2 protein chains.
Amino acid sequence: MADGGTLKRNDEGIETALGILKQQFGERLQTGDSVREQHGHTTTWIENQWPDGVVFAQSTQEVSEIVKVCAAHRVPIIAFGTGTSLEGHVNAPIGGISIDLTQMDKVLEVNAGDLDCRVQPGVTREALNTYLRDQGLFFPIDPGANASLGGMAATRASGTNAVRYGTMKDNVLSLEAVMADGRIIRTASRARKSSAGYDLTRLLVGSEGTLGIITEITLRLQGIPEAISAARCSFPSVKAASETVMAVIQYGLPVARIELLDAQMVGAVNRYSKLDLPETPLLLLEFHGSDAGVVEQAETFGALAEENGGTGYEATATLEERNKLWQARHDAYWAMLQIRPGCTAVATDVCVPISRLADAVEAAEAKATEMGLQAPTVGHAGDGNFHATVLVDRDNADEMARAAKFVSWLNDLAISMEGTCTGEHGIGQGKRPYLVKELGAETIDVMGAIKRALDPDNIMNPGKILPA
Amino acid sequence: MADGGTLKRNDEGIETALGILKQQFGERLQTGDSVREQHGHTTTWIENQWPDGVVFAQSTQEVSEIVKVCAAHRVPIIAFGTGTSLEGHVNAPIGGISIDLTQMDKVLEVNAGDLDCRVQPGVTREALNTYLRDQGLFFPIDPGANASLGGMAATRASGTNAVRYGTMKDNVLSLEAVMADGRIIRTASRARKSSAGYDLTRLLVGSEGTLGIITEITLRLQGIPEAISAARCSFPSVKAASETVMAVIQYGLPVARIELLDAQMVGAVNRYSKLDLPETPLLLLEFHGSDAGVVEQAETFGALAEENGGTGYEATATLEERNKLWQARHDAYWAMLQIRPGCTAVATDVCVPISRLADAVEAAEAKATEMGLQAPTVGHAGDGNFHATVLVDRDNADEMARAAKFVSWLNDLAISMEGTCTGEHGIGQGKRPYLVKELGAETIDVMGAIKRALDPDNIMNPGKILPA
């Protein structure tokens, strides 16, 4: 599923480029197996495809120089942040040069008065938040993994609090990027809003390294709220939980997080985190606001939940209780893997209109059971985005085939419900056929025209997003 | 300033296209002077440039057919909504066909459970809000004029409540558009978030009709808040008012609107709306939330204002009082024109980081005075966007020249402050040189490459955004 399709490897160009880069970067070009493996490593079932070399860039100017060398010799370029993507984004299906951006990890500027900052792409979200804490500021996007901000921008990441703070598309003010010919551009000013020409910021956000390499990011920040509280509530069914979520959204309750765990996932979390939550669908919530505001939000939520059959509702403003609750959510991935020790997780990432969330989750649960698969589910319910993760034994070919069939079925289901095959992970390699199904051949043609205009030799992360 | 530059008029093609369109559309193709004048009419100082004919389209299929005829004969196509743009967007510098979309005015679908709807481009924001009211929903973007939603999307419009609800880029979920070859595309699913490929939605939002014609818009909606209240507060200086705005933003107070009027504008409003506000800088606010929430917001704002020298603070939750206050704001444009009856307004639209707002507004006031110009100012202060509007006598060449110089100076000032020459009006014709200054030639080259890839014959609204 992750081969290069009709892409062709350019051995001669790669060899020449490696020679030039070796001269320019010395020890900062590495071609050893372990480094190459790490940079073509996927955390999922997608097979690893190593680059031919890895350059550790330290400045925008260096990225530009590397791209110029690769452009001159038609060599693929793959940007690398932390390698936490789930769709084979850093794979090198026809080889090429991985540009490792982890050494570009400086916070360049924080403008507290404007609630913005400018960072290099290798800064991780946790590093940024540590840096900001003393100033009473935070960057809200939380995809779970401690991803680099460049990678998060490139995949249009989001996560648990997108329902309140949006996704990377909403929180990037401007980008600096190196284009396929090595030119350096800045996409926008630092103004909070703008009508100045084509929105190149949003075109690059989510372009998965296929149009340019992000070398600086200007981000919107938030003030740390006066008060944060958390809550949990159990429901007799996914439908009851989803109807509560719809009521919350329609009411306009500004929940910061509203996460759904299905019964199977709650069981896994209980065992892993030593909790005794009722093993029925669960909503976990977080409220941000003033002291009085979070109390009011929690009360309003409680009333909406009760109307929809919620039970065992508990709200807490103490840091310890809140951390315990959310730690359980953050550990859900590891908890789930313990259902079947040694298994591999096959990620899914569909997102549907919220009114279809219950139908989609329940259908996925039934389908998995019917296919003899285990697929516990967590969902960013306020966005209609959920992850039914299939637990498989990689060495069991039959099970792998069923898992692949399940993923395909689920993507098709979401598309049939006016949803998307990817709410936040991106298209990468495996989802390319679903992108066509979702948006139609004419829309993909338009994307292809843009790609060809900006990268005529298809050297920027080839084999991703667009059909090969 | 609004000529076609190096663009060339294609008389033969236009004549042929008009003949074909007459056959296809009969009376719905109009070529009379009054209709042409209306469709090439600008509300500003930019000279009018008429199209050669106007077709009143009634469906996406018809728009596609018109575009195919124009594409075959290389004839310019200009989409027309309500004609309220301020930067010459509907002008036809080298003639061509205006596609009037006002008859495509249906609300096609409202999904109350998902807080979204799908509309044709000719639906105006007021018509949509009237349609939605019974369902307890509203569409928040309010640029002042009763613009069409297609036009608002095309110019990335925003207005008074962008500080809370964002701009059109944040509130369009998906678009259907007719591209330069007549193909119809849909840019995204109806999911609330997506990582599915290039963000063509955001590429078309703000593209001012130069990449495609928007034929359907899927919009995010909001529930009408439980409570709305309004407030006003006077300040000794623009600086004091701006510092209050910064405190509000940093605090994270979710104000729905926070508008700045300078002393001159307050004077104009007093006379026009028969009010007796102190003639010093004024902030007008609106709070949306629960009953208790808006009271708390108003109190918090009052405290922040007082710390910054605010006086005469009044908050009100009664509908009548609130309407009176906001009516004064909405009438500011007419009030301002009455400062000098018969004058023409020269709009400006710079947006700067909020920490520079006071500097920018005060410098603009001083510069206008120095140049012997009157330029009362209103600002969407929470975004750093303000409109210093120069009042001129069109027949006074010297004054017109000074006004042009002022506008140029102000755009340059905003750019020097890391801001933009346009927060919400768009680039259109007159601001093209500033777009280059703002983002640099390399960035504009990338925009040009996209334009050429999607519209190789430059028939979609030629002479707008990009240098001719």
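The model shown is predicted, which means the values in this text are computed figures rather than measured ones.

Scoring rules and cut-offs
Each chain has its residues counted from 1, running along the sequence as written. Here every chain gets a letter starting at A, and every ligand a number starting at 1, in the order they are written. With the structure being a predicted model, the display of local features is reserved for residues of pLDDT at least 70 and the display and counting of side-chain atom pairs for 80 or more, all residues being used for whole-chain, interface and lining totals. Runs of E in the DSSP output that reach at least two residues are strands. Runs of H or I that reach at least four are helices, and both are numbered from the N terminus. We call two residues in contact whenever the C-beta atoms placed from their backbones are within 7 Å. Comment: burial labels come from other C-beta atoms within 10 Å of the residue's own C-beta, placed from the backbone, where a count of 20 or more is buried, 12 or fewer is exposed, and between is partly exposed. Put simply, Ala, Val, Leu, Ile, Met, Phe, Trp, Tyr, Cys and Pro go in the nonpolar bin, Asp, Glu, Lys and Arg in the charged bin, and everything else, Gly too, in the polar bin. At least two DSSP bridges between two strands are needed for those strands to be called paired. Axes, fitted as lines to C-alpha atoms, cover a helix only where it is in contact. Angles between the N-to-C directions of the axes lie from 0 to 180 degrees. To estimate how far a helix should extend, the number of its residues minus one is multiplied by 1.5 Å. When we speak of the arc, we mean the arc of directions from the helix axis to the C-beta atoms. The atoms used to superpose the copies are C-alpha atoms, taken from residues with pLDDT of at least 70 in both, and the fit is least squares. Here the bounds of each domain stem from an automatic or database domain assignment. Relative orientations are named as follows: roughly parallel for angles under 35 degrees, roughly antiparallel for angles over 145 degrees, roughly perpendicular for angles from 65 to 115 degrees, and oblique for any other angle. Left-handed describes a crossing whose near helix is turned anticlockwise from the far helix by less than a right angle; the clockwise case is right-handed.

This part covers the overall build of chain A. When you go through chain A residue by residue, the secondary structure sums to 17 helices and 19 strands. In terms of its C-alpha atoms, chain A occupies a principal-axis envelope of roughly 65 × 55 × 40 Å. Looking at chain A alone, contacts between residues at least 24 apart form 72% of all its contacts between residues at least 6 apart.

Glancing now at unusual backbone geometry. In the Ramachandran plot, Ile465 of chain A falls in the positive-phi region, its phi being about 65° despite a non-glycine side chain. With respect to the element layout, Ile465 of chain A can be found in the segment after α17 (441-454). Since 28 C-beta atoms lie within 10 Å of it, Ile465 of chain A is described here as buried. Its identity is not glycine, yet Glu418 of chain B carries a phi of approximately 65°, on the positive side. On the secondary structure map, Glu418 of chain B appears in the loop between α15 (397-416) and α16 (432-439).

Facing 78 residues of chain A, the contacting portion of chain B comprises 78 residues. Elements with a minimum of two residues in the side of chain A that touches chain B: α7 (168-171), β9 (184-186), α8 (200-204), β11 (222-223), α9 (238-251), α11 (291-307), α16 (432-439) and α17 of chain A. Looking at which element gives the most residues to the side of chain A that touches chain B, the answer is α17 of chain A, with nine residues. In the side of chain A that touches chain B, the residues fall into 31 nonpolar, 29 polar and 18 charged.

This paragraph deals with the sheet that holds strand β15 (residues 311-316) of chain A. All names here are of chain A. The six strands are arranged β15-β12-β14-β13-β17-β18 in an open sheet whose pairing can be described as antiparallel. Both outer strands of the open sheet, β15 and β18 (385-388), are each paired with one neighbouring strand and no more. On average, adjacent strands in this sheet sit at an angle of 15° to one another, irrespective of strand direction. The pairing of strand β13 (residues 257-261) with strand β17 (residues 377-380) spans three bridges and is antiparallel. Residue pairing in the sheet places Leu261 in a bridge with Val378 of β17.

What follows concerns helix α1 (residues 11-25) of chain B. For an α-helix, the turn length of 3.6 residues means that residues three or four places apart are oriented alike. All names here are of chain B. Along its 15 residues, α1 runs 21 Å from first to last C-alpha, staying within 8% of the 21 Å computed at 1.5 Å per residue. Buried residues of α1: Ile14, Ala17, Leu18 and Leu21, and no others. Each buried residue of α1 lies within a common arc of 105° when the element is viewed along its axis, so the set occupies one face. In α1, the exposed positions angled more than 90 degrees off the buried face are occupied by Glu12, Glu15 and Gln23. On its buried side, α1 packs onto β1 (29-30), β2 (53-56), α3 (60-72) and β4 (97-100). Within two residues after α1, Gly26 carries a phi angle of roughly 55°, on the positive side.

Residues and elements named next belong to chain B. Strand order in this open sheet of four strands is β1-β2-β4-β3, and the pairing throughout is mixed. This sheet does not close on itself; its edge strands, each paired only once, are β1 and β3 (77-80). As judged from the four bridges shared by β3 and β4, these two strands associate in the parallel manner. Within β4, the residue paired with Ile77 across the bridge is Ile97. Each of β1, β2 and β4 is contacted by α1, which is oriented at about 30° to β2, the strand it contacts most.

Before going further, it helps to examine the relation of the copies chain A and chain B. When chain A is fitted to chain B, the best match, at an RMSD of 0.0 Å, comes from turning it 180° and sliding it 0.0 Å along the axis. Such a combination of rotation and displacement between the chain copies is what one expects of a two-fold axis. Take the interface residues of chain A: 100% of them recur as interface residues in chain B, which is what a same-surface contact looks like.

Attention shifts here to helix α12 (residues 319-330) of chain A. Its 12 residues give α12 of chain A an end-to-end C-alpha distance of 16 Å, which sits within 8% of 16 Å, the value for a rise of 1.5 Å per residue. Looking at the buried residues of α12 of chain A, the elements they touch are β12 (227-234), β13, α10 (263-273), β14 (282-289) and α13 (332-337) of chain A.

Following the sequence through the fold, Leu325 of chain B ends up in helix α12 (residues 319-330). By C-beta crowding, Leu325 of chain B is classed as buried, having 20 other C-beta atoms within 10 Å.

Annotation of chain A at the domain level lists domain 1 (11-102), domain 2 (107-223), domain 3 (227-332) and domain 4 (340-441). Using only C-alpha atoms to locate each centre, domain 1 of chain A and domain 3 of chain A end up separated by 43 Å.

Before going further, it helps to examine the packing of α1 of chain B against α3 of chain B. The axes of two packed helices give the description: the angle between them and the distance between them. Residues and elements named next belong to chain B. Packing of α1 against α3 brings their axes to within 9 Å, and their N-to-C directions diverge by 155°. The orientation of α1 relative to α3 falls into the category roughly antiparallel. The chirality of how α1 crosses α3 is right-handed. Facing α1, whose interface residues are Ala17, Ile20, Leu21 and Gln24, α3 presents Glu65, Ile66, Val69 and Cys70. Taken together, the residues that form the contact of α1 with α3 break down as six nonpolar, one polar and one charged.

Glancing now at the pairing of strand β4 (residues 97-100) of chain A. On a regular strand, one side chain projects to one face of the sheet and the next to the other, so that they alternate. Residue and element names in this part refer to chain A. Neither face of β4 is exposed, since Ile97 and Ile99 on one face and Ser98 and Asp100 on the opposite face are all buried. Sheet topology places strand β2 (residues 53-56) next to β4; four bridges connect them, and they run parallel. Following the sheet pairing, Val54 is matched in β4 by Ser98.

As a further point, take the packing of α9 of chain A against helix α14 (residues 357-370) of chain A. All names here are of chain A. It is the contact of α9 with α14, at a shortest axis distance of 8 Å, that shows an interaxial angle of 155°. Between α9 and α14, the crossing angle belongs to the class labelled roughly antiparallel. Seen from above, α9 lies across α14 with right-handed handedness. Contact with α9, carried on its side by Val238, Lys239 and Ser242, involves Leu357, Ala358, Val361 and Glu362 of α14 and no other residues of that element. Its residues placed into classes, the contact of α9 with α14 shows four nonpolar, one polar and two charged.

Residues and elements named next belong to chain B. Along the chain, the position of Pro76 falls in the loop between α3 and β3. A count of 28 C-beta atoms within 10 Å places Pro76 in the buried class. The spacing of Pro76 and Lys193 is 117 residues in sequence and 35 Å in space, taken between C-alpha atoms. The contacts of Pro76, once residues within four sequence positions are left out, are Ala92, Ile94, Gly95, Gly96, Ile459 and Pro462.

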